[in-house]
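# Report on the structure
Letter by letter, the chains look like this.
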Amino acid sequence: MTRRTQTLPEDYFRGIYASDPDPWRFTSSPYEREKYAATLAALPQPRYRSAFEPACSIGVFTRALSERCARLLATDLVPAAAEAARARCADRPHVEIRQGTMPADWPTGPFDLIVLSEFLYFLAPPDFAELVRRAGETIAPGGDIVLVHWLGETDYPLSGDGAADGFIRLSAAFAQVLSQSRTPDYRIDVLRAGAAS
């Protein structure tokens, strides 16, 4: 299969949501439910002060993650998805949902948790490298970065393994692998940022 060479454009995702408000079945898929539970179980800390979840889609995982965070900022590229996430988390005043493009609209932080779930493989290498750099700038000393990647075949710029392994390699100067788990469908990698020097 030939991989795309450019970051998937906003129109690609707008089109997906235009035809289906829950295109990946986040609200009903057993795969998503099990993956969300595994992701929450992989978090090394019971609570986080300030977390960031880019590419939050319609906010199903965002709502679950908010139980573990004093403050949670989540973003999505598609305005309709961000609006759905905002509605889903409307009763959680400590959750803020923004519309934004990654890595261009990466927030300033600092965050003691960053969750990068099933979207890094949409990025072409220059955008991917820039995202890793921004994660390094905004993760707090001792903070956790959680990578979640589907392992199926796609035409995206990166495979799930390529995205996870690439992030681990490019972030080696500021974060080390804490734990890794793998199923036939997805992998979860947890990295811990080094202490301040």
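Refer to the preceding data block for the structure.
Calculation criteria
- Residues numbered from 1 in each chain as written.
- Predicted model: local features only at pLDDT ≥ 70, side-chain atom pairs only at ≥ 80, totals over all residues.
- Heavy atoms only, no water.
- Helix = DSSP H or I, 4+ residues; strand = E, 2+ residues; numbered from the N terminus.
- Rg over C-alpha atoms; globule rule 2.2 N^0.38 Å.
- Contact = heavy atoms within 4.5 Å.
- Areas by Shrake-Rupley, 256 points an atom, 1.4 Å probe, with all protein chains shown as cover.

### Description of the overall build of the chain
If you tally the helices and strands in the chain, you get six helices and seven strands. Taken against the 2.2 N^0.38 rule, which gives 16 Å for 197 residues, the C-alpha radius of gyration of the chain at 16 Å falls within 12% of a compact globule. Projected onto its principal axes, the C-alpha coordinates of the chain cover approximately 50 × 45 × 30 Å. Across the chain, every contact between residues at least 6 apart in sequence was considered, and the portion connecting residues at least 24 apart equals 67%. Looking at the chain as shown, the accessible area adds up to about 9100 Å², and 54% of this sits on carbon and sulfur atoms.

### Structural notes on unusual backbone geometry
With an omega of 5°, the peptide bond between M102 and P103 qualifies as cis. Looking at the element boundaries, P103 is found in the loop between β3 (95-99) and β4 (111-117). Between G109 and P110 the backbone carries a cis peptide bond, its omega angle lying at 5°. For P110, the position within the fold is in the loop between β3 and β4. A positive phi angle is found at A55, which is not glycine, with a value near 55°. Along the chain, the position of A55 falls in the loop between β1 (48-53) and α3 (60-65).

All quantities given are derived from atomic positions and should not be read as evidence of function.
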